[in-house]
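The chain contents come next:
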Amino acid sequence: ALAKNLKDVENKLQTLASTESQIPINITDWQTFPEDKLAGGGTTIALRADPPQSIHSLQKKVVNALNPLRQGQIHPRYKDATLPRPLDESNKTYGYPFIASSDNTPILIPHISFCSFQNPEHATEFQKSSPIEKYSGHSKFTKLALYRLYEDDRTELIREFELRE
């Protein structure tokens, strides 16, 4: 079921988006996430988005705006999970393990997900056959997006919020 306070979430994101500027980023390299639980245990290949400080700052603002609306919910996948310390702290504080540790150190690695492979060798082959130069360069984060996350990890876009130019 959708959150009972969905309109409150949308209002907070709209307010935040109207005050935050688009973030210029530079794609510089591949980012690999081996044994990615979010990809069913496979290896995720992503494009690294630099500089991370600007993205972390925006993430912190989003999380701080929305966390009071969370109503203590934890994503079902991580409700009873045994996680290492910073991920466990984040899970208890924010309802999701990949936000920030208790000292507010960001855990998120800014990236643009590209693809996932169940076989890690295929991920390595993909990176070798696809030079990063094909994808590198300048881009921008231009909007916040609100998604519904189903228990089976499917997602559904609810609404996008444009950041200021």
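Keep in mind the model is a prediction, meaning the values are calculated, not measured.

The number of helices and strands found in the protein chain is four helices and six strands. For the protein chain, the α and β elements follow one another from N to C terminus as α-β-β-α-α-β-α-β-β-β. The globule rule puts the C-alpha radius of gyration for 165 residues at 15 Å, and the 17 Å found for the protein chain is close to it. A principal-axis box enclosing the C-alpha atoms of the protein chain has dimensions of 45 × 40 × 30 Å. Accessible surface, the protein chain: about 10,200 Å² in total, of which carbon and sulfur atoms supply 52%. Considering the protein chain, the positive charge centre built from 20 side chains and the negative charge centre built from 21 side chains are found 5 Å apart.

Turning next to the packing of aromatic side chains. Enumeration over the complete set of coordinates arrives at six aromatic pairs. Consider the rings of F117 and F126, whose centres lie 5.8 Å apart with planes at 45°: the pair is tilted. In textbook terms, an aromatic cluster arises when at least three aromatic residues are bridged by ring pairs, as seen for W30, F114, F117, F126 and Y135.

In terms of residue burial, strand 2 (residues 42-50) counts as a mostly covered element, since seven of its nine residues are buried. Taken together, the seven bridges between strand 1 (residues 23-36) and strand 2 define a ladder with antiparallel strand orientation. Counterpart to Q31 in the pairing with strand 2 is A46. Taken together, the six bridges between strand 2 and strand 3 (residues 111-117) define a ladder with antiparallel strand orientation. Residue pairing across strands places T43 opposite F117, the latter belonging to strand 3.

A separate point is the nonpolar core. Within the largest apolar cluster, 24 residues are counted, with the highest numbers of intra-cluster contacts made by L13 and L144. For this core, the secondary-structure elements that each account for two or more residues are helix 1 (6-19), strand 1, strand 2, helix 2 (52-66), helix 4 (120-129) and strand 5 (143-149). The element best represented in this core is helix 1, accounting for five residues. Beyond its immediate chain neighbours, meaning those up to four positions away, L13 contacts V62, L66, L144, L146 and F161.

Now for the pattern of salt bridges. According to the stated counting rule, one finds six salt bridges in the structure shown. For K61, the salt bridge goes to E20, with nearest N and O atoms at 3.1 Å. Linking K61 in helix 2 with E20 in the loop between helix 1 and strand 1, this pair joins segments that are 41 residues apart in sequence. On the accessibility criterion, K61 (36% relative accessible area) is partly exposed. Owing to a relative accessible area of 16%, E20 belongs among the buried residues under this scheme. With a closest N to O distance of 2.8 Å, E89 and R85 form a salt bridge. Note that E89 and R85 are positioned in helix 3 (residues 85-94) at a spacing of four residues, about one turn of the helix. Judged by its relative accessible area of 18%, E89 falls in the buried class.

A few words on the confidence of the model for the protein chain. Overall, the prediction assigns the protein chain a mean pLDDT of 85, with 94% of residues at 70 or greater. Within the protein chain, the lowest mean pLDDT, 83, falls on helix 3, and the highest, 96, falls on helix 1.

A few words on the sheet that holds strand 3. Reading across the sheet, the four strands line up as 3-2-1-4 and stay open at both edges, with antiparallel pairing between neighbours. Strands with a single pairing partner mark the edges of an open sheet, and in this sheet they are strand 3 and strand 4 (137-141). Across the sheet, the axes of successive neighbouring strands diverge by a mean angle of 40°, strand direction being ignored. The strands that helix 2 touches are strand 1, strand 2 and strand 4; relative to strand 1, the one it contacts most, it runs at about 80°.

Scoring rules and cut-offs
Residues numbered from 1 in each chain as written. Predicted model: local features only at pLDDT ≥ 70, side-chain atom pairs only at ≥ 80, totals over all residues. Heavy atoms only, no water. Helix = DSSP H or I, 4+ residues; strand = E, 2+ residues; numbered from the N terminus. Rg over C-alpha atoms; globule rule 2.2 N^0.38 Å. Areas by Shrake-Rupley, 256 points an atom, 1.4 Å probe, with all protein chains shown as cover. Lys, Arg positive; Asp, Glu negative; His and termini not counted. Charge placed at Lys NZ, Arg CZ, Asp CG, Glu CD. Phe/Tyr/Trp six-rings, centres within 6.5 Å; stacked < 30°, edge-to-face > 60°. Buried < 20%, exposed > 50% of the residue type's maximum accessible area, 1.4 Å probe, protein only. Pairing = 2+ DSSP bridges. Core = buried A, V, L, I, M, F, W, Y, C linked by side-chain atoms within 4.5 Å. Contact = heavy atoms within 4.5 Å. Salt bridge = Lys/Arg side-chain N within 4 Å of Asp/Glu carboxyl O. pLDDT = per-residue confidence, 0-100. Axes fitted to C-alpha atoms, helices over the stretch in contact; angles between N-to-C directions.

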